[in-house]
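Close look at the chain arrangement
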Amino acid sequence: MDTMAAIKQTFFQECEEQLTEMEEGLMVIEREEGDLETINAVFRAVHSIKGGAGAFGLDDLVRFAHTFETTLDGMRSGKLEITPQIVKLMLRAADILSDLVRISRDGGELDAARVAQMAEELSKAGGAAPAPAAPVAPAADLSFEPVPADGDGPAVDEFGFAPVQISFDTLITDDAGSDGHTFEISFTPRPELYAKANDALRLLRELGRLGEMKVSCDVSALPALDELDPEGAYLTWKVSLTTDADEKSVREIFEFVEFDCDLSIDVNVVGMDEESAAQTVEAILAQVAAEEAAQSAAVELVAVEPVVIPTEPQAAPDPAPRTPVAANQQSQPAAQSGQQPGATIRVDLDRVDRLIDLVGELVINQSMLAQRVTEAGIARLSDVAVGLDDLEHLTREIQDSVMAIRAQPVRPIFQRMSRVVREVADMTGKSVRLVTEGENCEVDKTVIERLADPLTHMIRNAIDHGLEKPEDRVKAGKPEQGVVKMVAAHRSGRVVIEVSDDGAGINRAKVREIAVNKGIIDADAQLTDAEIDDLIFAPGFSTAATISDVSGRGVGMDVVRRSIQALGGRITISSRPGNGTTFSLSLPLTLAVLDGMVVTVAGQTLVVPLSAIVETLQPKAADVHGLGEKARVIAIRGSFIPLVDVGSVLSYREEEADPLQGVAVMVETENQSQCALMVDGIIGQQQVVIKSLETNYGHVFGVAAATILGDGRVAVILDVDAIVAGSRSDAARAEANRKRSAA
């Protein structure tokens, strides 16, 4: 990858951060919790994207971002009243800006009409004219004047080149009168400015749009040709700018390069005597100093990348009614929030994955070493055994630390769902508000990446099927606006994400009727409420009366279940008619390691995920009962739980083993039902490194993944839910065969 491509890639990475900050700020404003600093943060995010896009010539992105930031500037200056309609417009504009960034990065077709319509709406809202169709560079009259030497002719160096003083006058088409401020600007770029793909001439063009400008270039620092560094910077630009704009507007032009150049700005006032001009300058400087002091907390340190966004916006105890924000309103210093940005670095993901693989191998080797020590009969209190215990603790700490590197908060994916909510709400004609909690809950990056599609399906389902129409909600005594809530939390070593709505809940009678009509269940099937709710995950099942852009084709929730199961997770439903539905996703924190119980079945070594195990017990004859032809149950504390022989389900043996000779491992499935798995024996508990079986071999029923044990053998990790479901299917088929034989 060449240098420019690497810089461009970094720019798009920073765009993702800026888009996240922008949308987060707009959501805060929508909740009426934002202040002037929130609006400034949104404005800076859009301005940053515009500045970087300009450096790479992304004109479509620059033009729209310019229109967007102009409207935002009206909000922060108090000229544009902040209303729900304006905030909704800003959120739609944020969606288009995100699309433009994606198209600029990945390619694709630009919906020019949609972009133009949004730009026009923004311009009308802000009371400004739309941005020009294409950037117009000011015309420049360049002249090259040799610098005379002390003698009769120009001074020349040993190569015969004479230094020149380059000057050019730029005529601006904007209406810039003779009254106003005259700024004398000295601008000397450093090599770092050019290394970051910035362009001094582009900055000068932006200055020229503020008023009448005269520019000269000082080349006195330019060395001889044999001493010139191609990556150096030797030019100084002298600018005389007459404009009605204030010094703050002038400095904003250099906002992105202020740490990569030497800059001085002196102000004069046209048409005043010396005393009046001095007083005016003092007033301007005092105003600028006051504004900088008020917004000192908002200063961004360019050297720290990426910018760390505050984790939770602080809402006022009693939010006041929404009013325009005054231009001189002072924001609270960031230090009062108790949150400080941390220094971060960007690391190639491949390097992190390689490090995780190596740590996994370290864990395997540590297990092998422990196995060898045990087989050698070394006493547990010996120096070797004690040192091995220390190594095990250290290995676990290293592994936890490396896993934390890949851990990321679920905030980005939660924020992505905000756009899904807006789009589906508009398509269905419903008023919906998204509420999120636990956005800082961290989970493995791979899990986050693969959660996007399932959560999108669930959000669409909650809005389209769960929430009622506004008029129906009013009739039911509910607020016209429906609420979709997303909550993330850590529980028992796993991350649980709940997606809930305050809609009508699941119509179980309708669900059962559709399932019967589609042949999913028999008409005389006896099902509990939980089993009826579980039918919506059946392939091809849909309650939509007509096919629409949102739903009705019978795909979605079955995809959700398969996706969650592929992540080693479980999904459950709870619904109350008239009060809404909640989907709960229980996911592993990482896909790299898990704690498991190592068991033996028919001479095979298997691993049962510890997160699914409730307890283990030795069955007694009085507790085991037959049910039907082959099914058996075990009585545990007054309840009867199905007993499943793992060896029989996985075809390790033809005849089911005697339950009194084995161990029952009671597990909990994804629908929170319990089942007892029969195994021959328990070897112990162990942390294992997950190896994908599908990637290296193929899909195997009842097997979630594989691992390498301490003795070097490969062991499979059981898919508990698949085994339980498979045993129920076998039992159902056996019962059906028995009924046919009896008939």
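One can find the structure itself at the top, above this paragraph.
Below is a short write-up of the structure.

Cut-offs used in this document
- Residues numbered from 1 in each chain as written.
- Predicted model: local features only at pLDDT ≥ 70, side-chain atom pairs only at ≥ 80, totals over all residues.
- Heavy atoms only, no water.
- Helix = DSSP H or I, 4+ residues; strand = E, 2+ residues; numbered from the N terminus.
- Buried < 20%, exposed > 50% of the residue type's maximum accessible area, 1.4 Å probe, protein only.
- Areas by Shrake-Rupley, 256 points an atom, 1.4 Å probe, with all protein chains shown as cover.
- Expected span 1.5 Å × (residues − 1).
- Contact = heavy atoms within 4.5 Å.
- Salt bridge = Lys/Arg side-chain N within 4 Å of Asp/Glu carboxyl O.
- Pairing = 2+ DSSP bridges.
- Axes fitted to C-alpha atoms, helices over the stretch in contact; angles between N-to-C directions.
- Phe/Tyr/Trp six-rings, centres within 6.5 Å; stacked < 30°, edge-to-face > 60°.
- Lys NZ or Arg CZ within 6 Å of the ring centre and 35° of its normal.
- Core = buried A, V, L, I, M, F, W, Y, C linked by side-chain atoms within 4.5 Å.
- Parallel < 35°, antiparallel > 145°, perpendicular 65-115°, else oblique.
- Left-handed = near helix turned anticlockwise from the far one by under 90°.
- Nonpolar A, V, L, I, M, F, W, Y, C, P; charged D, E, K, R; others polar.
- Patch = residues over 30% accessible without salt bridge, like charges linked within 9 Å, V, L, I, M, F, W, Y side chains within 5 Å.
- Polar contact = N/O pair within 3.5 Å; in protein donor to acceptor, adjacent residues only side chain to side chain.

1. Considerations on the overall build of the protein
- What the protein contains, in helices and strands, is 21 helices and 24 strands.
- In the protein, buried positions account for 41% of the 743 residues.
- Accessible surface for the protein amounts to roughly 39400 Å². Of this, 52% is attributable to carbon and sulfur atoms.

2. A few points about helix α10 (residues 349-375)
- Given a rise of 1.5 Å per residue, 27 residues ought to cover 39 Å, and the 39 Å separating the end C-alpha atoms of α10 matches this to within 8%.
- Of the residues making up α10, those classed as buried are Val352, Ile356, Val359, Gly360, Val363, Ile364, Gln366, Ser367 and Val373.
- Check the buried side of α10 and you find it contacts α11 (383-406), β22 (681-689) and β23 (703-708).
- Positive backbone phi, approximately 75 degrees, marks Gly377, located one or two places after α10.

3. Thoughts on the pattern of salt bridges
- In the structure shown here, the tally under the stated rule is 36 salt bridges.
- Close ionic contact of Asp106 with Arg105 constitutes a salt bridge, the shortest N to O distance being 3.0 Å.
- Judged by relative accessible area, which is 53%, Asp106 ranks as exposed.
- For Glu449, the salt bridge identified is with Lys445, shortest N-O distance 3.1 Å. Taken together, the positions of Glu449 and Lys445, both in helix α13 (residues 445-449) and four residues apart, correspond to about one turn of that helix.
- Linked through salt bridges whose partners overlap, the residues forming this network are Glu23, Asp95, Asp99, Arg102, Arg114, Arg419, Arg422 and Glu423.

4. Topic: the pairing of strand β14 (residues 593-601)
- Along β14, seven of the nine residues are buried, which leaves the element largely enclosed by surrounding structure.
- Here β14 pairs with β22 via eight bridges, running antiparallel. In the sheet register, Met597 faces β22, and the bridge partner there is Gln685.
- Two elements, β14 and strand β15 (residues 604-609), share six bridges in a ladder whose sense is antiparallel. Bridge pairing in β15 links Gly596 to Pro609.
- Hairpin connection from β14 to β15: two residues lie between these consecutive antiparallel strands, with Ala602 at a positive phi of about 50 degrees.

5. Some words on the sheet that holds strand β13 (residues 580-588)
- Taken in spatial order, the five strands make up an open sheet running β8-β10-β11-β13-β12, and their pairing is mixed. Unpaired on one side and paired on the other, β8 (432-437) and β12 (570-576) mark the two borders of the sheet. This sheet shows a mean twist of 15 degrees between the axes of neighbouring strands, independent of strand direction.
- Relative to β13, strand β11 (residues 494-501) runs antiparallel, the two sharing seven bridges. Bridged to Val496 within β13 is Ser586.
- Of the strands in this sheet, β8, β10 (482-491), β11, β12 and β13 touch helix α14 (residues 452-466), which is tilted by about 25 degrees from β11.

6. A word on the packing of aromatic side chains
- Under the defined criterion, the tally for this structure stands at five aromatic pairs.
- Taking 5.0 Å as the distance between ring centres and 55 degrees as the angle between the ring planes, the aromatic pair formed by Phe11 and Phe12 counts as tilted.
- Judged by centre distance (6.3 Å) and plane angle (90 degrees), the ring pair of Phe537 and Phe583 falls under edge-to-face. One end of the pair, Phe537, is in the loop between α17 (529-533) and α18 (557-566); the other, Phe583, is in strand β13, and 46 residues separate them in sequence.
- Taken together, the ring pairs in this structure connect Phe11, Phe12 and Phe56 into an aromatic cluster.
- One cation-aromatic arrangement involves Arg76 over Phe43; the distance from NZ or CZ to the ring centre is 3.6 Å.

7. Structural notes on the nonpolar core
- Among the nonpolar cores identified, the biggest contains 49 residues, and Ile413, Leu451, Leu455, Met458, Ile459, Val484 and Ile497 are the most heavily contacted of them.
- Of the residues forming this core, the biggest block, seven residues, is contributed by helix α12 (residues 411-428).
- With residues up to four places along the chain from it excluded, the contact list for Ile413 reads Ile448, Leu451, Ala452 and Leu455.
- Within the second largest apolar cluster, 43 residues are counted, among which are Ile39, Ala45, Leu58 and Leu97.

8. Observations regarding the packing of helix α3 (residues 59-77) against helix α5 (residues 112-126)
- The interhelical angle for the contact between α3 and α5, taken along N-to-C directions, is 25 degrees, at an axis separation of 9 Å. Taken together, the axes of α3 and α5 are roughly parallel relative to one another. At the point where α3 passes α5, the crossing takes the left-handed sense. Residue-level inspection shows Phe64, Thr67, Phe68 and Thr71 of α3 in contact with α5, the latter providing Val115, Met118, Ala119, Leu122, Ser123, Ala125 and Gly126.
- Considered class by class, the residues forming the contact of α3 with α5 number seven nonpolar, four polar and no charged.

9. Things to note about a nonpolar patch on the surface
- Where nonpolar side chains cluster on the molecular surface, the patch consists of Leu222, Leu225 and Leu228 and spans about 260 Å² of accessible area.
- Counting through the fold element by element, Leu228 comes out in the loop between β4 (211-218) and β5 (236-243).
- What makes Leu228 partly exposed here is its relative accessible area of 35%.

10. Section: the pairing of strand β20 (residues 663-668)
- Of all six residues making up β20, five are buried, and the element is well covered by its neighbours.
- Inspection of the sheet shows strand β16 (residues 613-617) paired to β20 by four bridges, in the antiparallel sense. What sits directly across from Glu615, in β20, is Met666.
- Alignment of β20 against strand β21 (residues 674-679), held across six bridges, turns out to be antiparallel. Bridge pairing in β21 links Met666 to Ala676.

11. With respect to the sheet that holds β16
- Taken in spatial order, the six strands of this open sheet run β16-β20-β21-β19-β18-β17, and their pairing is mixed. Because the sheet does not close on itself, it has two edges, and the strands there are β16 and β17 (624-627). Neighbour-to-neighbour, the strand axes of the sheet open up by a mean angle of 35 degrees, direction not taken into account.

12. A short note on the side chain of Glu439
- Within the secondary structure, Glu439 is located in the loop between β8 and β9 (442-444).
- Accessibility expressed as a relative area gives 12% for Glu439, which makes it buried.
- Here Thr436 takes part through its side chain, which lies 2.5 Å from a polar atom of the side chain of Glu439.

13. Side note on the packing of α10 against α11
- The N-to-C vectors of α10 and α11 enclose an angle of 160 degrees; their axes lie 10 Å apart at closest approach. Put simply, α10 runs roughly antiparallel to α11. In this structure, α10 crosses over α11, and the sense of that crossing is left-handed. Contacts between α10 and α11 involve Leu349, Val352, Asp353, Leu355, Ile356, Val359, Leu362, Val363, Gln366, Leu369, Ala370 and Val373 from the former and Val384, Leu388, Leu391, Glu392, Thr395, Ile398, Gln399, Val402, Met403, Ile405 and Arg406 from the latter.
- Across the contact of α10 with α11, the residue classes break down as 17 nonpolar, three polar and three charged.

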